[in-house]
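A closer look at the structure
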Amino acid sequence: MKFTLEEFNFLPSTNLYLKENAKDFLEGQVIVAKEQTGGRGRLGRTFFSPKNGLYFSVLICPKTVEDSLFLPIIAGIAVARGIKNLTGVLPKLKWPNDVLLNKKKICGILAEGTADGKVIMGIGINLGASRSYFDSLNLSHVSSILVETKKEPDRLELLNSILSEFDILLSSPKEEVIKLYRVLCITLGQIITTSTNLSAVAMDITPKGELIVKTQDNKIQILNSGEVSISGMY
Ligand code: BTN
């Protein structure tokens with residue numbers, strides 16, 4: 001995929017900007033900002049997006065609904081590998097796609113659809129924010145690459161590294177991508193709690209990227225979205 005970059009110092013939200021202007025852009029358009037004033041998170045949450053971050057959205061035109069549902073899985077792996085390329089440290093993924101270093105969330109991913117079936121893949125990475133910034137917001141489970149690795153990768157180098165990993169994964173067979181995902185997924189084998197208060201053990205990932213869990217009464221369930229917290233983590 002050919003990527004075209006448009007950079008901003010700050011925007012309310014790169015996802016919102018791309019969504020509002022999607023008709024003017026081609027597949028591969030990337031909107032990137034150093035700071036967001038209205039960062040959007042999953043499940044209607046706010047995504048705090050302080051200065052010195054890497055916040056970007058990519059416009060993708062998937063061929064099938066199945067392909068579009070797979071994009072967040074690809075994006076999580078691409079971010080983990082991109083970070084590894086620049087810091088030497090390979091992050092883990094908390095299902096479906098929080099990116100973690102030392103069990104702290106350093107990146108969130110939000111895929112939003114447009115009316116005509118395109119996908120806006122939004123990725124927010126905390127690069128240089130301090131521990132005290134997150135503590136002041138009571139976000140003890142959130143951190144930055146700088147705090148966790150003592151290294152602050154160059155924003156645009158990191159962006160390019162993630163985009164090139166993303167491109168490779170897009171053209172890889174889904175089974176291979178799922179194999180890579182399994183290795184990175186910290187949720188597997190853990191006791192988890194869902195937003196509906198279901199307690200279960202995370203067993204495996206389906207070929208579509210869903211989470212297979214076994215409940216306390218030994219029933220198998222498949223989760224395809226929503227919030228899952230890991231016992232002893234978040
Ligand atoms: C989450 O963890 O809840 C998902 C957070 C996604 C944040 C990114 S930052 C770039 C893009 N623009 C937004 O407003 N949100 C996504």
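Structure report, in brief.

**Re the overall build of the protein**
- Each helix and strand counted, the protein has six helices and twelve strands in total.
- The C-alpha atoms of the protein give 17 Å as radius of gyration, which agrees with the globular expectation for 234 residues (17 Å, within 12%).
- Dimensions along the principal axes, computed over C-alpha positions, put the protein at roughly 50 × 45 × 30 Å.
- Out of the 234 residues in the protein, the part that is buried amounts to 49%.
- Intrachain contacts of the protein at a sequence separation of at least 6 include 61% that bridge at least 24 residues.
- Charge-centre separation for the protein: the mean point of 27 positive side chains lies 5 Å from the mean point of 24 negative side chains.

**With respect to the packing of aromatic side chains**
- Applying the stated criterion across every chain, the model contains four aromatic pairs.
- Ring geometry for F47 against Y55: centres 6.4 Å apart, planes inclined by 75 degrees, an arrangement best described as edge-to-face.
- Accessibility expressed as a relative area gives 15% for F47, which makes it buried.
- Here the aromatic residues F8, Y17 and F25 are joined through ring pairs into a cluster of three or more.
- The residue whose ring lies beneath K174 is F70, and the NZ or CZ to ring-centre distance is 5.4 Å.

**Details of the nonpolar core**
- With 52 residues, the main nonpolar core has F56, V79, I123 and I125 as its most contacted residues.
- The dominant element in this core, judged by the number of residues it contributes, is helix α2 (residues 65-87), at ten residues.
- Counting eight residues, the second largest nonpolar core, distinct from the first, contains L11, A22, F25 and I31.

**Some remarks on α2**
- Taking 1.5 Å as the rise per residue, α2 with 23 residues should run 33 Å; its terminal C-alpha atoms sit 34 Å apart, in good agreement.
- Taken as a whole, α2 carries its principal kink of about 30 degrees at L71; the proline P72 stands between one and four residues after it.
- Immediately downstream of α2, the backbone of G88 shows phi near 85 degrees, a positive value.

**Remarks on the pairing of strand β2 (residues 29-36)**
- Within β2, six of the eight residues are buried, which leaves the element mostly enclosed by the surrounding structure.
- Across seven bridges, strand β1 (residues 4-11) lies against β2 in parallel orientation. Each bridged residue has a counterpart across the sheet, and for T4 the counterpart in β2 is Q29.
- Read as a crossover between parallel neighbours, the route from β1 over helix α1 (residues 14-20) to β2 is right-handed.
- In this structure, β2 lies alongside strand β3 (residues 54-60), joined through four bridges in antiparallel fashion. By the bridge assignment, I31 is partnered in β3 with S57.

**Examining the sheet that holds strand β10 (residues 211-215)**
- Taken in spatial order, the five strands make up an open sheet running β11-β10-β9-β8-β12, and their pairing is antiparallel. Among the strands making up the open sheet, the edge pair consists of β11 (220-223) and β12 (228-230). For this sheet, the mean angle separating the axes of adjacent strands, direction not counted, is 45 degrees.
- In the sheet, strand β8 (residues 191-194) pairs with β12 via three bridges, with the strands oriented antiparallel. Of the residues in β12, the one forming a bridge with T193 is S229.

**Quick notes on a nonpolar patch on the surface**
- Together, I191, V201, M203 and I220 make up an exposed nonpolar region whose accessible area comes to about 350 Å².
- In this structure I220 comes out as exposed when scored by relative accessible area, which is 54%.

**Digging into the site of the ligand**
- Taken together, 18 residues lie around the ligand, and S13, Q36, R40, R42 and K105 are the ones closest in.
- At 3.4 Å, a backbone N or O of N15 approaches a nitrogen atom of the ligand.
- At 2.7 Å from an oxygen atom of the ligand is found a main-chain nitrogen or oxygen belonging to R40.
- In isolation the ligand has 410 Å² of accessible area, and contact with the protein removes 98% of it.
- Breaking the shell around the ligand down by element, the ones donating at least two residues are α1, β3, β6 (104-113) and β7 (119-125).
- With four residues, β6 is the single largest residue contributor to the shell around the ligand.
- For the shell around the ligand, the residue count by class is five nonpolar, ten polar and three charged.

Here is what the cut-offs are and how they apply
- Residues numbered from 1 in each chain as written.
- Predicted model: local features only at pLDDT ≥ 70, side-chain atom pairs only at ≥ 80, totals over all residues.
- Heavy atoms only, no water.
- Helix = DSSP H or I, 4+ residues; strand = E, 2+ residues; numbered from the N terminus.
- Rg over C-alpha atoms; globule rule 2.2 N^0.38 Å.
- Buried < 20%, exposed > 50% of the residue type's maximum accessible area, 1.4 Å probe, protein only.
- Contact = heavy atoms within 4.5 Å.
- Lys, Arg positive; Asp, Glu negative; His and termini not counted.
- Charge placed at Lys NZ, Arg CZ, Asp CG, Glu CD.
- Phe/Tyr/Trp six-rings, centres within 6.5 Å; stacked < 30°, edge-to-face > 60°.
- Lys NZ or Arg CZ within 6 Å of the ring centre and 35° of its normal.
- Core = buried A, V, L, I, M, F, W, Y, C linked by side-chain atoms within 4.5 Å.
- Expected span 1.5 Å × (residues − 1).
- Bend = angle between axes of the 7 residues up to and from the residue.
- Pairing = 2+ DSSP bridges.
- Right-handed = clockwise from strand over helix to strand, strands pointing away.
- Axes fitted to C-alpha atoms, helices over the stretch in contact; angles between N-to-C directions.
- Patch = residues over 30% accessible without salt bridge, like charges linked within 9 Å, V, L, I, M, F, W, Y side chains within 5 Å.
- Areas by Shrake-Rupley, 256 points an atom, 1.4 Å probe, with all protein chains shown as cover.
- Salt bridge = Lys/Arg side-chain N within 4 Å of Asp/Glu carboxyl O.
- Near = heavy atom within 4 Å.
- Polar contact = N/O pair within 3.5 Å; in protein donor to acceptor, adjacent residues only side chain to side chain.
- Nonpolar A, V, L, I, M, F, W, Y, C, P; charged D, E, K, R; others polar.

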